[in-house]
Every structure is written in structure tokens, then in C-alpha cells.
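# Fold and contact review
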Amino acid sequence: MSDSEVLPVTSVLPPPIEMAGPRRILSGMQPTSDSLHLGNYIGAARQWVELQQNFEALFFVADLHALTVNPDPALLRERTRRTAAQYLAAGIDPSKSILFVQSQVPQHAELGWLLQCQTGFGEASRMTQFKDKSARLAAGEAAGGGPTVGLFAYPMLMAADILLYDSAYVPVGEDQRQHLELTRDIAERLNARFGAGTAVVPKPYIQKETAKIQDLQNPAAKMSKSSSGGRGVVWLLEPPKAAIKAIKAAVTDADPDYRVFYDPETKPGISNLLSIFSAVTGLPIADIAAEYDGRGYGYLKVDLAQAVSSFLIPFQERANMYLSDPVQLDAILADGAARAAAIAEPVLERIYDRFGLLRPNYGRLNVPAPGLATLDGGAGIVG
Ligand code: TYM
């Protein structure tokens, strides 16, 4: 084909929709445990609640991501509702934010495929979460067998979650930074290959002091859903007594003078307790540090345990209220999915079109009119 025969790069669609501007945010969590933990709340959900006041916000339960570790179906369904109920208990307001379940908006999986085709194998292989998780699975810790292709493709699905809404900011904890950098790289690649305005390049929104809540038993490691010991994790839905016990047993830093100040390098244990204290009470870290400096660390731990328990009790009441009415909860999520899809669909159409995928004239998600379904009106194409 000569140059003159190359089809013009025209589109049946209008030019890219106006970008949403810097005011749209999106984030999500995986429903991979019966309860979220304090790290999820402090590192992410707490920020979400504040941000929803000033941004157009979308928060979702990342159930498709949870499939990468092959969960039991009944458990996945239950944990999806539990995760959504905890978002609501944390203060996500469905009249302000769009709250939904990822699998109820099919555009996520669709865009995920396109982005897999735009990501290098080597690039995806460098994701540290993939390397850690696949090593753990390979070591036989999971009931469902070794690492899946889905686990490898996970970061491209996450990029799709973000780009699908032209998101400007993504509020997450520090452990998600590498995935966000990959998302930014993919977005820039799309703009270079398919033209400016194909994707909005999102920015991470990671707050310094709360980005990484550490395991109470091992302040060198992050508090994590997969922490095997369990004693270093505060679960939001566990009986407050257990949280009190975990905090009182927290590992602190050896210091004969019981100095209390915020410095994660030299005082990882104490800095972690200060971050938690500040997050659950709203008091500034400096004030808490001044209050407990030089006194035994036991005082700090006893008061923190009390503060966490006072936070957990009403949180759990709210979560249980939502969980006691699954019909209503499912209705909130269905409404959120419809609102999310209304934003996602034109963005996906724009990207499909930019990629050169031929768009159907009857509308992508509509069932075609009878007679259009097959070339011969339904009898099947005879070869
Ligand atoms: P997930 O489910 O592992 O964690 C949910 C959120 O909690 C944050 N977090 C922490 N923050 C501080 N300290 C900790 N110890 C701690 N542990 C977890 C995480 O950084 C995260 O913000 N891949 C994501 C889910 C996801 C997503 C997305 C997020 C899928 N698609 C699109 C944002 C945008 C994940 O596994 O998070």
C-alpha cells in the first residue's frame, strides 16, 4: 500500500472529551480478608474521606484484582460486601462519592486488555509486589496453587482502573507507588503513540507520615493483610479487646530515656505508634510526642490502646449496620456502578477509537437489532 492509499486517521467520534481537569480522584482496595486493617484505614481510607469533600471521587472494591489469588467464591462475595461496608463506616458518603464494585463496571477488564498490549514483559516483571507475591505463592503458601498469569497482569488492570476515569490523583499508601509509576508510564506511552489527550497522566497522592503503617511486632515491615503472625496487625472488625492487646504488646525502640519523637529511621516503633495515635485522635504528632516524651513507653501504649478502641467501637457499629442490610448495601453499590460506567464508557470509547478498533454504529453495549447480528440475518454464515 502506498502512502496515498493509507486511510486518513479520521474518527467517527468527536475529538477527545474535555479532560475532567485536576479534580477527579480514584482509589480502591482488594477484598482479600475478612477485615481491613489499620494500615488500610490510615494510609488510604482516611484520606479518601477528606478528599471526597473537594474532589469528584470514585472508590471501588477491587474484586477482579482479588481473583488473582483464586479466592473461594462465597468468601469473595462476603468480603466484597464487608470491604464496601467498611468504606461506608470510615465515612465515604455515597451522595458525594461514587462507591462501586469493580466487576460491575465491565470497562475495567476491557481497558485492562488494551493496556496489557502496551506494557513490556520486562517492565511488568520488575513489579516488586508481583515478585514478592509470586515467590510466596510458589513457595506453596496459597491453597489455590502457584502464581497465575492474572497476578502478572495485575498492574495493567490497576492502570486501567485509573485511566478509565481520567483520574488526576490516586490516594494510596506507599506500597502502591511503583504501580502508579507504571500507570504514569503507560499513560505517557498512550499519548505518544495515539496522540495527546488519549490518557490523563495521574499523580500519586501519598501522605508522608501515614503512607506506611508498620507491623506492631516488626516495625521494619509494613502492616499487611498477609502478615502471617497476625499479632502485629490491628483489624478494623476484630473485637477491640484484641486490638488493645496487640497495641500493648507493640515492639518499641530500646531507649533508656524513653524519648518520644517522630523519626522512622532511628525510632521506627515509636514513630509508628505516633502516626497511629495521631490518625485515630486527630491530634498533631508533635503534641502527642511532647505529652509522652521521657515517660515510660507503657503510658503511650496504654493511652493509644484506649484511643484505638474508642475509634473501633463506633466504626464497627456503623459497619455492622450496613452489613445487616445487604439488600440496601447492594443497591448503593449498583447505583455507584451505574454512575461509574457513565464516566468510564466514553473514556473507553475514546481509547478504543484511538487504538483503531472499529466502532459499531449501533452502540457498543447495545444488543444489535435483529438482522444485524449476523450477515445473513441469523441463519449462520455458510462457508
Ligand atoms: P490493597 O488492598 O493492598 O491496600 C489498600 C490501600 O491500603 C494501603 N495500605 C497501607 N497504607 C499504609 N500502611 C500500610 N501498612 C498499608 N497497607 C496497605 C495501600 O497502599 C492501598 O492504598 N493494588 C491496590 C488496589 C487497587 C488500586 C487500584 C488502588 C487496585 N486498583 C487503582 C488505587 C487505584 C491494592 O492492592 O491495595
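Residues numbered from 1 in each chain as written. Predicted model: local features only at pLDDT ≥ 70, side-chain atom pairs only at ≥ 80, totals over all residues.

### Some thoughts on the site of the ligand
- The local shell around the ligand holds 26 residues, among which Gly39, Gly43, Ala44, Val172 and Gly173 are the closest.
- Of all the elements in the fold, those that place two or more residues in the shell around the ligand are strand E1 (24-29), helix H1 (38-51) and helix H7 (149-163).
- Split by residue class, the shell around the ligand holds eleven nonpolar, eleven polar and four charged. (Near = placed C-beta within 6 Å. Helix = DSSP H or I, 4+ residues; strand = E, 2+ residues; numbered from the N terminus. Nonpolar A, V, L, I, M, F, W, Y, C, P; charged D, E, K, R; others polar.)

### Brief notes about the environment of Ala220
- Residue placement: Ala220 occurs in the loop between strand E5 (203-205) and helix H9 (240-248).
- For Ala220, a count of 9 C-beta atoms within 10 Å puts it in the exposed group. (Buried ≥ 20, exposed ≤ 12 C-beta atoms within 10 Å, placed from the backbone.)

### Some points on unusual backbone geometry
- With a phi angle near 50°, Asp166 is a residue other than glycine that sits in the positive phi range.
- With respect to the helices and strands, the residue Asp166 is situated in the loop between H7 and strand E4 (169-171).
- For Asp166, a count of 24 C-beta atoms within 10 Å gives the class buried.
- If you check the backbone angles, Tyr258 has positive phi at about 50° while not being a glycine.
- Assignment of secondary structure puts Tyr258 in the loop between H9 and helix H10 (268-281).
- Given 17 C-beta atoms within 10 Å, Tyr258 falls into the partly exposed group.

### Some points on the nonpolar core
- Among the nonpolar cores identified, the biggest contains 97 residues, and Phe100, Ala159, Ile276 and Val308 are the most heavily contacted of them.
- Beyond its immediate chain neighbours, meaning those up to four positions away, Phe100 contacts Phe60, Val105, Leu333, Gly336, Ala337 and Ala340. (Core = buried A, V, L, I, M, F, W, Y, C linked by C-beta atoms within 7 Å. Contact = placed C-beta atoms within 7 Å.)

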